[in-house]
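What follows is the residue order along each chain.
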Amino acid sequence: MRYEAPKTIREAAGLLAKAKGSAFVLAGGSDLLVRLKGGMIEPELLVDVKRIPSMQTVTKSAAGFRIGAAVPCAALGENVALKKAWPGVVEAANLIGSDQIQSRCTIVGNLCNASPAADSVPAMVAAGAKAAIVGPKGRRTVAVEDVVTGPGKTSLKKGEVIEAITLAKPAPKSGDAYLRFTPRTEMDIAVVSAGICLTLGAKGVIKKARVALGAVGPTVLLVPAAAKAIVGTKLDDAALAKLAAACEAACKPIDDKRGTIEFRTEVAGVLARRAALIAYQRARGE
Ligand SMILES: Cc1cc2nc3c(=O)[nH]c(=O)nc-3n(C[C@H](O)[C@H](O)[C@H](O)COP(=O)(O)OP(=O)(O)OC[C@H]3O[C@@H](n4cnc5c(N)ncnc54)[C@H](O)[C@@H]3O)c2cc1C
């Protein structure tokens, strides 16, 4: 196995594009090294992206935030401006693993590992985050919800590397939130999760919303019907009931020892309601 630690993303993409056998980007390694040690993968090449300066920083501009793909999740929680603008995304990223994992893991690794239960993904999808990709054919930008195509599968082509995640500057009176259900409080994988972002218009009426659910389908689900259920409302009980019903209707979960189909479906509605209330309070500046 060959290990490379290039200093530019072009070099990283070139190495991956030229690899003859299986090749992987190595970010924090908290998923990849587990698979490697477990004998699930035998890469010919590992391309460590943690030494690429353009992937190591979080920058704020008039347009919003650019989070380098090698930035560890712990650093997101320490970024006051990012936390203020996108509290739901940061909370979701900071739920991943323990302090040790936080100091290594990245939101892009979380996304590209392509688990339906990945914590940061529903929050990023709700926030309308985009992935900036560099590959042999140049650059492209893709909505986060279009990166994962199935469990363990992404739409990234050979040689493509995600350089950063971008988050727009939140519209005035916006708020986001993420909640997950796990049997343990820490170090567990979401049995169900919900991310919500909403924007208020006049008099506290919701004018825009995005609702995403995790661990209830083969990929994180963006649920437009759930967003529609709360747009035009002040999130009264009737709107919350419709939101929960729309979320339940969208669920296509598996049945396993961690949660039955019935349990996951019901909890998706409960979490969506609770996350919506938190996002609404945040949008009101409370
Ligand atoms: C003890 C423990 C606890 C955990 N707890 C949680 C948890 O609570 N919630 C949760 O969601 N996950 C959890 N995880 C899983 C893991 O920590 C996360 O998915 C993490 O975010 C992965 O990030 P990473 O940078 O370590 O990815 P890596 O392991 O480096 O990479 C993961 C995958 O993404 C690909 N990749 C990484 N970066 C890029 C890039 N820039 N471009 C293209 N492909 C890329 C890699 O090739 C690999 O296939 C846990 C893992 C462990 C070991």
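Higher on the page you've got the structure.
Residue position: threonine 199 is located in strand S12 (residues 192-200). Here serine 174 takes part through its side chain, which lies 2.9 Å from a polar atom of the side chain of threonine 199. For threonine 199, the contacting residues outside a window of four places in its chain are Ala171, Pro172, Lys173, Ser174, Val205, Ile206, Lys207 and Lys208.

Another aspect to go through is the site of the ligand. With respect to spatial proximity, 30 residues lie near the ligand, and among them Val25, Ser30, Asp31, Thr106 and Asp119 are the closest. In the environment of the ligand, an oxygen atom lies 2.8 Å from a nitrogen or oxygen atom belonging to the backbone of glycine 29. Note that an oxygen atom of the ligand is positioned 3.1 Å from one of the side-chain N or O atoms of arginine 180. In isolation the ligand offers 980 Å² of accessible surface; the protein chains occlude 88% of this area. Looking at the shell around the ligand element by element, the count peaks at four residues for helix H7 (residues 107-112).

This part covers the environment of glycine 152. As for its placement among the helices and strands, glycine 152 is situated in the loop between strand S8 (148-150) and strand S9 (153-154). Separated by 89 residues in sequence, glycine 152 and alanine 241 place their C-alpha atoms 33 Å apart. When near neighbours in sequence (up to four residues on either side) are disregarded, glycine 152 contacts Asn113 and Ala114.

Glancing now at the nonpolar core. Ranked by internal contacts, the top residues of the largest apolar core, which has 57 residues, are Leu111, Met124, Ile165 and Leu167. Discounting chain neighbours no more than four positions away, the residues touching methionine 124 are Val89, Ile107, Leu111, Ala129, Val144 and Ile165. Grouped together as the second largest cluster of nonpolar side chains are 34 residues, Leu198, Leu240, Ala250 and Ala268 included.

This part takes up the environment of leucine 198. As for its position among the elements, leucine 198 is in strand S12. Sequence separation of leucine 198 and proline 170 is 28 residues, and the distance between their C-alpha atoms is 9.8 Å.

Inspection of the entire model under this criterion finds zero disulfides. Cysteine 73 supplies the cysteine sulfur nearest to cysteine 112, a cysteine that is in no disulfide, at a spacing of 13 Å. With no disulfide of its own, cysteine 251 has cysteine 247 as its nearest cysteine by sulfur position, at a separation of 6.9 Å.

Strand order in the open sheet formed by five strands is S4-S5-S10-S6-S7, with antiparallel pairing between adjacent strands. Strand pairing shows two members of the sheet lacking a second neighbour, strand S4 (58-60) and strand S7 (138-143), which therefore form its edges. Averaged over all adjacent pairs, the angle separating strand axes in this sheet is 20°, with direction ignored. Bridge count for strand S5 (residues 64-68) against strand S10 (residues 161-168) is five bridges, and the pairing is antiparallel. Looking across to S10, one finds that phenylalanine 65 is bridged to leucine 167.

The next thing to look at is the sheet that holds strand S11 (residues 174-181). Pairing between sheet strands relies on hydrogen bonds along the backbone, with the strands arranged either parallel or antiparallel. Reading across the sheet, the four strands line up as S11-S12-S13-S14 and stay open at both edges, with antiparallel pairing between neighbours. At either margin of the open sheet sits one strand with a lone partner, and together these are S11 and strand S14 (221-222). Note that S11 and S12 share eight bridges and pair antiparallel. Each bridged residue has a counterpart across the sheet, and for glycine 175 the counterpart in S12 is leucine 198. Contacts from helix H11 (residues 261-283) reach S11, S12 and strand S13 (206-214), with the element oriented near 150° to S11.

Right, let's get into the pattern of salt bridges. One pass over the full model with this rule turns up 10 salt bridges. Ionic pairing is found between glutamate 4 and arginine 2, a salt bridge with its closest N-O pair at 2.8 Å. Judged by its relative accessible area of 26%, glutamate 4 falls in the partly exposed class. Given a relative accessible area of 34%, arginine 2 falls into the partly exposed group. Across the salt bridge formed by glutamate 286 and arginine 284, the nearest N and O atoms sit 2.8 Å from each other. Overall, glutamate 286 belongs to the exposed group, its relative accessible area being 59%. With a relative accessible area of 47%, arginine 284 lands in the partly exposed category. When salt bridges that share partners are traced, they join Arg66, Arg139 and Glu163 into one network.

Packing of helix H10 (residues 237-250) against H11 leaves a shortest axis separation of 8 Å and a crossing angle of 140°. Judged on the interaxial angle alone, H11 and H10 are oblique. Note that H10 runs across H11; the crossing there is right-handed. Judged by residue contacts, Leu240, Ala241, Leu243, Ala244, Cys247 and Glu248 of H10 engage Thr265, Glu266, Ala268, Gly269, Ala272, Arg273, Ala276 and Leu277 from H11. Split by residue class, the contact of H10 with H11 holds nine nonpolar, two polar and three charged.

Parameters and conventions
- Residues numbered from 1 in each chain as written.
- Predicted model: local features only at pLDDT ≥ 70, side-chain atom pairs only at ≥ 80, totals over all residues.
- Heavy atoms only, no water.
- Helix = DSSP H or I, 4+ residues; strand = E, 2+ residues; numbered from the N terminus.
- Polar contact = N/O pair within 3.5 Å; in protein donor to acceptor, adjacent residues only side chain to side chain.
- Contact = heavy atoms within 4.5 Å.
- Near = heavy atom within 4 Å.
- Areas by Shrake-Rupley, 256 points an atom, 1.4 Å probe, with all protein chains shown as cover.
- Core = buried A, V, L, I, M, F, W, Y, C linked by side-chain atoms within 4.5 Å.
- Buried < 20%, exposed > 50% of the residue type's maximum accessible area, 1.4 Å probe, protein only.
- Disulfide = S-S within 2.5 Å.
- Pairing = 2+ DSSP bridges.
- Axes fitted to C-alpha atoms, helices over the stretch in contact; angles between N-to-C directions.
- Salt bridge = Lys/Arg side-chain N within 4 Å of Asp/Glu carboxyl O.
- Parallel < 35°, antiparallel > 145°, perpendicular 65-115°, else oblique.
- Left-handed = near helix turned anticlockwise from the far one by under 90°.
- Nonpolar A, V, L, I, M, F, W, Y, C, P; charged D, E, K, R; others polar.

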